Amino acid sequence: MTTNPEEPQARPRRRTPAGAAVLREDVTEAIRAAVFEELASVGYARMSIEGIARRAGVGKTAVYRRWRSKLHLVLDLVSAIAVQGLPAPDTGSLEGDLRLLYEVTSRALRHPVASQIIPDLQAEAARNPDIAEAMQKALREGQEGVASRIVVAAARRGEIGPDADEDLALDLISGPLYWRSVVIRSPKLPKGYLGALARATAEALKAL
């Protein structure tokens, strides 16, 4: 029997490659958690894919299916933090919004894992421009994104002038607590510090 070349031929069914299994989300989350723990434990320089896989309870192949290297893995996690950001306070007053922001940020910065990871990544950022860019993006889109919404809301309520310098306002809001918690790594904030900082920052913003 001859086949007419003009007639459409039945296409063979394509088989799914054996290695193209769907990536399980629970495994991905276990790897992400392991990265944070590994960073806090040994730092970026000593962190390895082998150590991450061992801590996550998976094989190295599971990690490499998702990320090409530890650099890409860390960059992905830092970028994810930037996307998540912080909740924008909405207390109805500038001082109240600042106080709530400082309480949430202080708890996050003083978490045992974060307090180890952030300084380590900052040190690595001085040597690695890719990490530096990711860190800047995470800080700007996270902390400064919330601070910007606080400034806009305060201007809308008439608590600060509509022409206030936004960049200076963001520095005033974000700088002091970050300096105290991350740069000099104060072991414990003085009693009433966050409330006093919120009042002082609110007054400074009103003077812009």
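These numbers were taken from a predicted model, which means no experiment stands behind them. (Residues numbered from 1 in each chain as written. Predicted model: local features only at pLDDT ≥ 70, side-chain atom pairs only at ≥ 80, totals over all residues. Heavy atoms only, no water.)

## Re the packing of helix H5 (residues 94-109) against helix H8 (residues 166-183)
It is the contact of H5 with H8, at a shortest axis distance of 11 Å, that shows an interaxial angle of 30°. One finds that H5 runs roughly parallel with respect to H8. When you trace H5 past H8, the crossing you get is right-handed. Contacts between H5 and H8 involve Leu98, Leu101, Tyr102, Thr105, Ser106 and Leu109 on the former and, on the latter, Leu172, Ile173, Leu177, Tyr178, Ser181 and Val182. For the contact of H5 with H8, the per-class residue count stands at 9 nonpolar, 3 polar and no charged. (Axes fitted to C-alpha atoms, helices over the stretch in contact; angles between N-to-C directions. Helix = DSSP H or I, 4+ residues; strand = E, 2+ residues; numbered from the N terminus. Parallel < 35°, antiparallel > 145°, perpendicular 65-115°, else oblique. Left-handed = near helix turned anticlockwise from the far one by under 90°. Contact = heavy atoms within 4.5 Å. Nonpolar A, V, L, I, M, F, W, Y, C, P; charged D, E, K, R; others polar.)

## Considerations on a negative patch on the surface
Taken together, the side chains of Asp165, Glu166, Asp167 and Asp171 present a region of like negative charge at the surface. Residue placement: Asp165 occurs in the loop between helix H7 (129-157) and H8. (Patch = residues over 30% accessible without salt bridge, like charges linked within 9 Å, V, L, I, M, F, W, Y side chains within 5 Å. Areas by Shrake-Rupley, 256 points an atom, 1.4 Å probe, with all protein chains shown as cover. Salt bridge = Lys/Arg side-chain N within 4 Å of Asp/Glu carboxyl O. Lys, Arg positive; Asp, Glu negative; His and termini not counted. Charge placed at Lys NZ, Arg CZ, Asp CG, Glu CD.)

## Thoughts on the packing of aromatic side chains
Tallying each qualifying case throughout the model produces 0 aromatic pairs. When the ring centre of Tyr44 is taken as origin, the NZ or CZ atom of Lys70, which lies over that ring, is 4.5 Å away. Over the ring of Tyr193 we find Arg180, and its NZ or CZ is 4.9 Å from the ring centre. (Phe/Tyr/Trp six-rings, centres within 6.5 Å; stacked < 30°, edge-to-face > 60°. Lys NZ or Arg CZ within 6 Å of the ring centre and 35° of its normal.)

## Brief notes about H5
Compared with the 22 Å implied by 1.5 Å per residue over 16 residues, the 22 Å span of H5 between its first and last C-alpha is a close match. Taken as a whole, H5 has its buried residues at Leu94, Asp97, Leu98, Leu101, Tyr102, Thr105, Ser106 and Leu109. One side of H5 holds all its buried residues, which, seen down the axis, span an arc of 155°. Regarding H5, its N-cap is Ser93, as a side-chain oxygen of that residue lies 3.0 Å from the backbone nitrogen of Gly96 further along. (Expected span 1.5 Å × (residues − 1). Buried < 20%, exposed > 50% of the residue type's maximum accessible area, 1.4 Å probe, protein only. Arc of directions from axis to C-beta. Polar contact = N/O pair within 3.5 Å; in protein donor to acceptor, adjacent residues only side chain to side chain.)

## Re the environment of Val183
Here Val183 lies in helix H8. The partly exposed category is assigned to Val183, whose relative accessible area is 46%. Through-space distance from the C-alpha of Val183 to that of Pro119 is 7.9 Å; in sequence the pair is 64 residues apart.

## As for the confidence of the model for the protein chain
When the pLDDT values of the protein chain are averaged, the result is 81; 81% of them are 70 or greater. Mean pLDDT values for the elements of the protein chain range from 73 in helix H4 (residues 70-84) up to 96 in helix H9 (residues 193-206). Under a pLDDT of 50 for its full length, residues 1-21 has, in the predicted model, 2 contacts with residues more than four places off or in other chains. (pLDDT = per-residue confidence, 0-100.)

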